Amino acid sequence: MESLGNISVDLYAKQKGSWPQKGRHILAQFNDDTVVVYQAFCPAIAEYAVKHQRFGGPQFSFSRMSWIKPNFLWMMYRCGWASKTNQQRVLAVRITRQGFHTILANAYTVEFQKSQDINTADILVRLQWDPDHTPTYEKEERRAIQLGLKNEILKQYATEWVVEINDITDFVHQQHTTLKEYGLEKLYVPVERVYPVTDRNISRQIGLEKSD
């Protein structure tokens, strides 16, 4: 196992066998106090965030939904390994676990929302479970979570819950080059495992798969 600053990385080939093959699971790097999530931005937003260790500045909008992804490879699929317009810079954002817990506590599947008659306008966190993907974009049976934050939850995430923001774009480019030249066996990615959601109510409302 190696490290990228405070982020542990290891071979993809070594890790993939320990991940669930199907179902809805939150894969993330975390410790007792923090969890890492990923976002991709244009250079101006990323540079402000790294410099100030919070989000803000003239180009970051608190009136728009902002999506976070705890799964590194899901972020790579969405941003094309930092190649898409306005997603050229990838940030690893370490936030408090209490903050992440609050985000999950305010997220609901569509089915749960309807069953509880929750008004969409009142929801502060948009939840999506989408097919996870391999580093070369093949669909997995496993589902990956992404969480869209708005209003007060977004403000708290952006300014209060951040512990550390690192720009990992160079690592992303290096590993994408490795992937293209040497294949999956040489690829390094952040170390991730299934994130435990011990609150049964939260687990139910976000549609989490039970883990053994």
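Structure shown above.
About the thresholds
- Residues numbered from 1 in each chain as written.
- Predicted model: local features only at pLDDT ≥ 70, side-chain atom pairs only at ≥ 80, totals over all residues.
- Heavy atoms only, no water.
- Buried < 20%, exposed > 50% of the residue type's maximum accessible area, 1.4 Å probe, protein only.
- Helix = DSSP H or I, 4+ residues; strand = E, 2+ residues; numbered from the N terminus.
- Arc of directions from axis to C-beta.
- Phe/Tyr/Trp six-rings, centres within 6.5 Å; stacked < 30°, edge-to-face > 60°.
- Lys NZ or Arg CZ within 6 Å of the ring centre and 35° of its normal.
- Pairing = 2+ DSSP bridges.
- Axes fitted to C-alpha atoms, helices over the stretch in contact; angles between N-to-C directions.
- Contact = heavy atoms within 4.5 Å.

Colleague: Account for helix α4 (residues 97–105), with residues named and values stated.
Modeller: Inspection of α4 places G99, F100, I103 and L104 among the buried residues, and these make up the whole buried set. Take α4 and look down its axis: the buried residues cluster within an arc of 140°, on one side only.

Colleague: I'd like to hear about the packing of aromatic side chains, residue by residue, with values.
Modeller: Using the criterion set out here, one finds 14 aromatic pairs in the structure. Here F72 and W81 contribute two aromatic rings whose centre-to-centre distance is 6.1 Å and whose plane-to-plane angle is 80°, an arrangement assigned as edge-to-face. For the pair F72 and W81, a shared accessibility class is recorded, and that class is buried. Plain terms: the ring middles of F72 and F171 are 6.1 Å apart, the flat faces sit at 55° to each other, and that makes the pair tilted. One end of the pair, F72, is in helix α3 (residues 72–79); the other, F171, is in helix α7 (residues 169–182), with 99 residues separating them in the sequence. F171 shares its class with F72; the two are buried. Following the ring pairs from residue to residue traces out a cluster consisting of F41, F55, F60, F62 and Y157. Here the guanidinium or amino end of R193 rests over the ring plane of F30, the centre of that ring lying 3.9 Å away.

Colleague: An account of the sheet that holds strand β7 (residues 89–96) is needed here, citing residue identities and associated values.
Modeller: In space, the three strands of this open sheet follow the order β5-β7-β11, with antiparallel pairing throughout. The outermost strands of the open sheet, each flanked by one partner alone, are β5 (34–41) and β11 (162–167). In this sheet, adjacent strand axes meet at a mean angle of 20° when their direction is disregarded. Relative to the sheet, α3 contacts β5 and β7, its axis offset from that of β5 by approximately 5°.

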